[in-house]
Amino acid sequence: MSVIAEGLSIPGTRRMMPLPMRVDGVEEGGPWRMTFVTSPDDCNLACDMCPGHSPLGPGPRRPPRRLDAGLVLAVLAERAGSPLREVIPSTMGEPLLWSGLAALASACAAAGPRLNVTTNGTFPGRGARGWAALLAPVTRDLKLSWNGATAATAERLMAGLRFEEAVAAVREFLEVRDAVAAAGGSRCRVSFQVTAQEENVAELPEIVRLAARLGVERVKLNHLQPRLPGLSARALSRDEAGRARWNEAVRRCRAAAAEAELPGGGRVLLENAVEWPAAGAPAPEPGPCPFLGREAWVLADGAFAPCPHPAAAEGALGRFGDVSTSTVGELWRGAALATLRASYRDHPICRECSFRRPGGAS
């Protein structure tokens, strides 16, 4: 039996947030992090890469799916005293449009879990300063979807975005974040999350340099998942030439991260900057699932899911229950989830899952 103790770095400090013990790869007592798919059909932008809102796709569902805020708060209450350390309010749609976010932030402030928020950087409703005042004190990491170093590229990929306004909003958020930290509060890390593709691969190093100039501490590179037919030609993994462009961009991003200094000192943390194997080299072997037995998802209808793969939301990995009729603890110990944990390496969807390969390579 393997027992692994882990820690989660606390931005702005050298301390580690202790994570629960894992026994044979499974968190004892429940997930350490939960994602609530709060409002996947609500967004004020139309990014090409988003299956739900892209102009290349069918558009968002109507009526829009929205997770009941009361159900989210009930789950949070049920998880009191459990290993839960972090809560993500959706990674689909724009979570800042969800009516329950302020209540969730208040509940996290009272109960202890930190928020982890991904937003498109427009800060609808409250503006950057207003959202920073609410989120910075209770958020471990705020990820801004950022897909260009120039207005032309960023605005083409994220229709509706005004690039210069987005840059100004980052500065405003960081000013409030820094004030919160200076007053003795925790320091929320701010990250750029980039969907690497043909349209922006040449600008990736400049995105790293822009992050450093602004004071954005991390740049996370994700590969485009071409789930819409019109996106296939943009995937860098589609041929050797695309893979070579990605590898060159990785080298240039690493150089940019090493050279560019943050305003307060230090360097930008670069994640998923992993080169693909050379032509003819064997593909990397899939590693263990980074989610199964560690994290959990609650879909907009209350259904429980084991990972972020679209197949999980569609039920192709199994049916795991619903948090409106069962507790997370019951579902975590359920037979359906135990079966998947034991057999996922042989499941055809899991075998090909890009999350199990370095940098999302497939």
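Residues numbered from 1 in each chain as written. Predicted model: local features only at pLDDT ≥ 70, side-chain atom pairs only at ≥ 80, totals over all residues. Heavy atoms only, no water.

## A few points about the sheet that holds strand E8 (residues 86–89)
Here is step 1: Spatially, E14-E13-E12-E10-E9-E8-E6-E15-E16 is the arrangement adopted by the nine strands of the open sheet, whose pairing is mixed. In this open sheet, the two strands that pair with only one neighbour each are strand E14 (269–271) and strand E16 (304–305).
Here is step 2: Across four bridges, the pairing between strand E6 (residues 33–36) and strand E15 (residues 295–298) is parallel. Each residue of the ladder has a partner; that of Arg33, found in E15, is Glu295.
Here is step 3: Sheet contacts for helix H5 (residues 163–182): strand E10 (139–145) and strand E12 (189–196); angle to E12, the most-contacted strand, approximately 150°. (Pairing = 2+ DSSP bridges. Helix = DSSP H or I, 4+ residues; strand = E, 2+ residues; numbered from the N terminus. Contact = heavy atoms within 4.5 Å. Axes fitted to C-alpha atoms, helices over the stretch in contact; angles between N-to-C directions.)

## What about the UniProt feature "domain: Radical SAM core" (unreviewed entry) in the chain?
Here is step 1: In this numbering, the UniProt entry assigns the feature "domain: Radical SAM core" (unreviewed entry) to residues 28–259.
Here is step 2: Within residues 28–259, the helical portion is 38% and the strand portion 17%, while the C-alpha atoms at the span's ends are 42 Å from each other. (UniProt positions renumbered as here; feature names shortened; annotations may be inferred.)

## Re H5
An α-helix turns once every 3.6 residues. As a result, residues three or four positions apart point the same way.
Here is step 1: Its 20 residues give H5 an end-to-end C-alpha distance of 29 Å, which sits within 8% of 28 Å, the value for a rise of 1.5 Å per residue.
Here is step 2: Listing the buried residues of H5 in full gives Phe163, Ala166, Val167, Ala169, Val170, Phe173, Leu174, Val176, Arg177 and Val180.
Here is step 3: On its buried face, H5 is in contact with helix H3 (127–135), E10, helix H4 (151–157), E12 and helix H6 (204–214).
Here is step 4: Phi turns positive, to about 105°, at Gly184, one or two residues after H5. (Expected span 1.5 Å × (residues − 1). Buried < 20%, exposed > 50% of the residue type's maximum accessible area, 1.4 Å probe, protein only.)

## Considering empty space enclosed by the protein
Here is step 1: One pass over the full model with this rule turns up two cavities of 30 Å³ or more.
Here is step 2: Roughly 130 Å³ of volume is contained in the largest cavity.
Here is step 3: Forming the boundary of the largest cavity are 15 residues, of which Cys289, Cys307, Leu317, Cys350 and Cys353 lie nearest the centre.
Here is step 4: Its residues assigned to classes, the lining of the largest cavity comprises 13 nonpolar, one polar and one charged.
Here is step 5: Looking at the second largest cavity, its volume works out to about 40 Å³.
Here is step 6: Considering the residues around the second largest cavity, the lining is formed by Asn120, Ser145, Trp146, Asn147, Ala154, Met158, Leu161, Phe163 and Ala166.
Here is step 7: Grouping the constituent residues of the lining of the second largest cavity by class yields six nonpolar, three polar and no charged. (1 Å grid on protein atoms, 1.4 Å probe; cavity = no way out; pocket = protein on both sides within 12 Å on 5 of 7 lines; lining within 4 Å. Points joined across faces, edges and corners; volume = space filled by probe spheres on them. Nonpolar A, V, L, I, M, F, W, Y, C, P; charged D, E, K, R; others polar.)

## Quick word on the pattern of salt bridges
Here is step 1: This structure, assessed with the given rule, holds 28 salt bridges.
Here is step 2: A salt bridge links Asp41 to Arg65, with the shortest nitrogen-to-oxygen separation between them at 2.8 Å. Note that Asp41 is positioned in the loop between E6 and strand E7 (46–47) and Arg65 in the loop between E7 and helix H1 (69–78), a separation of 24 residues in sequence.
Here is step 3: The class of Asp41 is buried, set by a relative accessible area of 2%.
Here is step 4: Judged by relative accessible area, which is 29%, Arg65 ranks as partly exposed. (Salt bridge = Lys/Arg side-chain N within 4 Å of Asp/Glu carboxyl O.)

## Thoughts on the nonpolar core
Here is step 1: The biggest cluster of nonpolar side chains holds 100 residues, and the ones touching the most others in it are Trp146, Phe192 and Leu204.
Here is step 2: No other element matches the nine residues that H5 contributes to this core.
Here is step 3: Dropping the residues within four chain positions of it, Trp146 is found in contact with Phe163, Ala166, Val167, Val170, Phe192, Gln193, Val194, Ile207 and Leu210. (Core = buried A, V, L, I, M, F, W, Y, C linked by side-chain atoms within 4.5 Å.)

## A look at the confidence of the model for the chain
As a note on interpretation, predicted positions should not be read in detail where pLDDT is low.
Here is step 1: Chain-level statistics for the chain give a pLDDT mean of 91 and a share of 92% at 70 or above.
Here is step 2: The low-confidence segment residues 1–21, where pLDDT is below 50, has 50 contacts with residues more than four positions distant or belonging to other chains. (pLDDT = per-residue confidence, 0-100.)

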